[in-house]
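Understanding the architecture of this molecule
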Amino acid sequence: MMISTKGRYALSIMLDLAQHNDGTYVSLKDISERQEISMKYLEAIISKLSKGGLVDSARGKSGGYRLNREVEEYKVGEILILTEKSLAPVACVDCEKECTKAGSCLTRPMWNELNEVIMEFLNSKTLADLL
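Residues numbered from 1 in each chain as written. Predicted model: local features only at pLDDT ≥ 70, side-chain atom pairs only at ≥ 80, totals over all residues. Heavy atoms only, no water.

1. A few points about the pairing of strand β1 (residues 55-58)
Quick note on the threshold: When DSSP finds at least two bridges between two strands, those strands are taken to pair. Comment: elements are numbered from the N terminus, with helices defined as DSSP H or I runs of at least four residues and strands as E runs of at least two.
The sheet contact formed by β1 and strand β2 (residues 64-67) spans four bridges and is antiparallel. Residue pairing for β2: V55 is matched across the bridge by L67. With antiparallel pairing between neighbouring strands as the criterion, β1 and β2 make up a hairpin whose turn holds five residues, including G60 at a positive phi of roughly 105°.

In structure tokens, the structure reads:
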């Protein structure tokens, strides 16, 4: 499992919004400057977070983005899964189609267990924990 910059930046964006969680919208420009993320990359990531229902957006002069839940309700795992699609340690754990060797693979149970440990850990951490 390797978490990409997209996943790491998504978590940084969410933490930035959590730090400035006073009910107002935070502009992408402010987030970009504080987190040192290019606007273009930031727009792609915040779009996923917005479409995934993790943040609210508003247009206009005082528009931007803000959290739509309490900070304690955001699990790190849900943020990373939204941007990474999979956090599985090996491809066969998250495979769309059934592996032809699934019945005889001696390592698959270990990979499944590791995947469960990873997800349990990431879902035990919230934005509040990281703040």
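2. Describing helix α5 (residues 108-123)
Quick note on the threshold: Expected helix span is taken as 1.5 Å per residue step, with the number of steps being one fewer than the number of residues. Residue exposure (1.4 Å probe, protein chains only): buried if accessible area is under 20% of the type maximum, exposed if over 50%, otherwise partly exposed. By definition, the arc is the one covered by directions from the helix axis to the C-beta atoms. For this analysis, residues touch if any pair of their heavy atoms sits within 4.5 Å.
Its 16 residues give α5 an end-to-end C-alpha distance of 22 Å, which sits within 8% of 22 Å, the value for a rise of 1.5 Å per residue. Along α5, the positions that sit buried rather than exposed are R108, N115, I118, M119 and L122. Looking straight down α5, one finds its buried side chains confined to an arc of 90°; they lie on one side. Seen from the open side of α5, the exposed residues pointing more than 90 degrees away from its buried face are P109, E113, E116 and E120. Check the buried side of α5 and you find it contacts α4 (76-84).

3. Let's talk about the pattern of salt bridges
To keep it simple, the criterion reads: We count a salt bridge whenever a side-chain nitrogen from Lys or Arg sits within 4 Å of a carboxyl oxygen from Asp or Glu.
A complete count under the given rule lists three salt bridges for this structure. Across the pair R34 and D16 runs a salt bridge whose closest N-O atoms are separated by 2.7 Å. In this pair, R34 sits in helix α2 (residues 28-35) while D16 sits in helix α1 (residues 5-19), placing the two residues 18 residues apart along the sequence. Overall, R34 belongs to the partly exposed group, its relative accessible area being 37%.

4. A look at unusual backbone geometry
With the exception of glycine, the majority of residues adopt a negative phi angle, and the majority of peptide bonds are in the trans configuration. Positive phi, close to 55°, is recorded for E36, a residue that is not glycine. If you trace the backbone, E36 turns up in the loop between α2 and α3 (39-51). Under the relative-accessibility criterion, E36 is labelled exposed at 71%. We note that K85 has phi near 75°; this positive angle belongs to a residue other than glycine. Here K85 lies in the loop between α4 and α5.

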